[in-house]
Amino acid sequence: MQQENALSFILNELGEDSEQYFRAVAPPIVQTSNFSFKTVADLRNAFADEYSTWLYSRGLNPTVKILSEKLAALDGAEDCLVFNSGVAAIFAAVLANVQSGDHIVSVAGVYTWARKMFEEILPRFGVTHTYINGTAIENWESAIQPNSRLFYLESPNSWTYELQDIRAVAALAKQHHIITVIDNSYCTPIYQQPIAMGIDISLQSATKYISGHSDVVAGVLSSNRAMVQRIFNSEYMNIGSGIQPFNAWLLIRGLRTLPMRLAHITQSTRRIIDYLKTESMVAAVIFPFEPDFPQYALAKQQMKGACGLCTMVLKPAAIEAIELFCNSLQHIKMAVSWGGYESLIIPRCAGMSKNEYQSTNPEHRMLRLYIGLEEPGYLIADLQQAFLKAVAPAH
Ligand SMILES: *Cc1c(COP(=O)(O)O)cnc(C)c1O
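Just so it is clear, the model here is predicted, and its values are computed rather than measured.

Caption draft 1: Fine view of the sheet that holds strand β3 (residues 128-132). Read across the open sheet, the seven strands follow the order β1-β7-β6-β5-β4-β2-β3; overall the sheet is mixed. Sheet topology places β1 (79-83) and β3 at the edges, where each strand pairs with a single neighbour. When strand polarity is set aside, the average angle formed by the axes of neighbouring strands in this sheet is 20 degrees. Inspection of the sheet shows strand β2 (residues 103-107) paired to strand β4 (residues 148-154) by four bridges, in the parallel sense. Across the sheet, the residue bridging to Ile104 is Leu150, located in β4. Against the sheet, helix α3 (residues 62-75) engages β1, β6 (201-205) and β7 (219-223), with an angle of about 120 degrees to β1.

Pasting the structure below:
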């Protein structure tokens, strides 16, 4: 109850002061690039500390500030920075904590653009990386080099949902004075609290559940105040990819319903997975809260919930059958991203040319499903009719 009250306070009140804006219930979009000063002394003070003064909206903006107070509190962090994309948050978090000659240990299979940063951008500045299977703590330990400065986690990831033992990895990092960064997009702070488990920087793509309406691209990183202030004064201001006031306002709006959306999606996902396991074309469903998930116990221990994303592996099938199944869906849309109101599907085979596809490779037969806010029966009916067409194609 205490917990729920605190959550309601964060989502409904924290950071807001309607006395400042006509007692309006919904806060204003302060759509301004700059702020004026009455005296040179005031302006001088603002120049000296842009982290705590309205000066220019690439730095602080009042609408963004309301949002960032809420997001930091949700993460159980002292402060946060909100970006114009999740990837900008990833880039700033990593760039702020490495320099030439440093080494990063990262889980394999990270989000595409984190991978591109490790493989294509950072090597140009003398920063190297090692990918590991992050499911075993020994792999982290044995990958540490004298110049290792940063551990990069993503738990669960967004296709096969491997987890890291977050507390153990954070504790190991602390022993070696290594900074830890986690991509928490799958869970959101509602379902997983990495900072309470010892992680230094928790980030997420706010494009997904925080927005919840498939209309904003945004990201957030949370940490202690010293870290956030340091990143603000350097990477945040210099990359210049802070969120714009209108998008921040849309995220505040999204936050109002976040717990309810997650609760609904959690229930629906359960029903869809139970249904999928009865389908003759489906060999397996991968989902962290399924008892046959290899890290089920760890998932239950460190995550309060799992929802929305699951991956089905079809039984060996021709690529044409998979394509026919996807093309036959009438309501579930084929699109990237997730976390919005609408259910989505992506087949792995869309990421390869047709002649690369091997029906013997289970990875190639994966389809990632995102369960949105629709009624589960509506989604099941759509999946059923598409499976029927794929099993017995009409001639
Ligand atoms: C979408 C996503 C990102 C990137 O976020 P953007 O808002 O698209 O920049 C990062 N990590 C994960 C796991 C994601 O799903």
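Caption draft 2: Looking closely at the pattern of salt bridges. Applying the stated criterion across every chain, the model contains ten salt bridges. Where Glu119 meets Arg115, a salt bridge forms, and the shortest distance between an N and an O atom there is 3.7 Å. In this pair, Glu119 and Arg115 are both assigned in helix α5 (residues 112-121), four residues apart and thus about one turn of the helix distant. With a closest N to O distance of 2.5 Å, Glu290 and Lys277 form a salt bridge. Placement of Glu290 in the loop between β8 (282-286) and α12 (296-302) and of Lys277 in the loop between α11 (258-276) and β8 is noted, with a sequence separation of 13 residues between them. The exposure class assigned to Lys277 is partly exposed, which follows from its relative accessible area of 46%.

What counts, and at which threshold
Residues numbered from 1 in each chain as written. Predicted model: local features only at pLDDT ≥ 70, side-chain atom pairs only at ≥ 80, totals over all residues. Heavy atoms only, no water. Pairing = 2+ DSSP bridges. Helix = DSSP H or I, 4+ residues; strand = E, 2+ residues; numbered from the N terminus. Axes fitted to C-alpha atoms, helices over the stretch in contact; angles between N-to-C directions. Contact = heavy atoms within 4.5 Å. Salt bridge = Lys/Arg side-chain N within 4 Å of Asp/Glu carboxyl O. Buried < 20%, exposed > 50% of the residue type's maximum accessible area, 1.4 Å probe, protein only.

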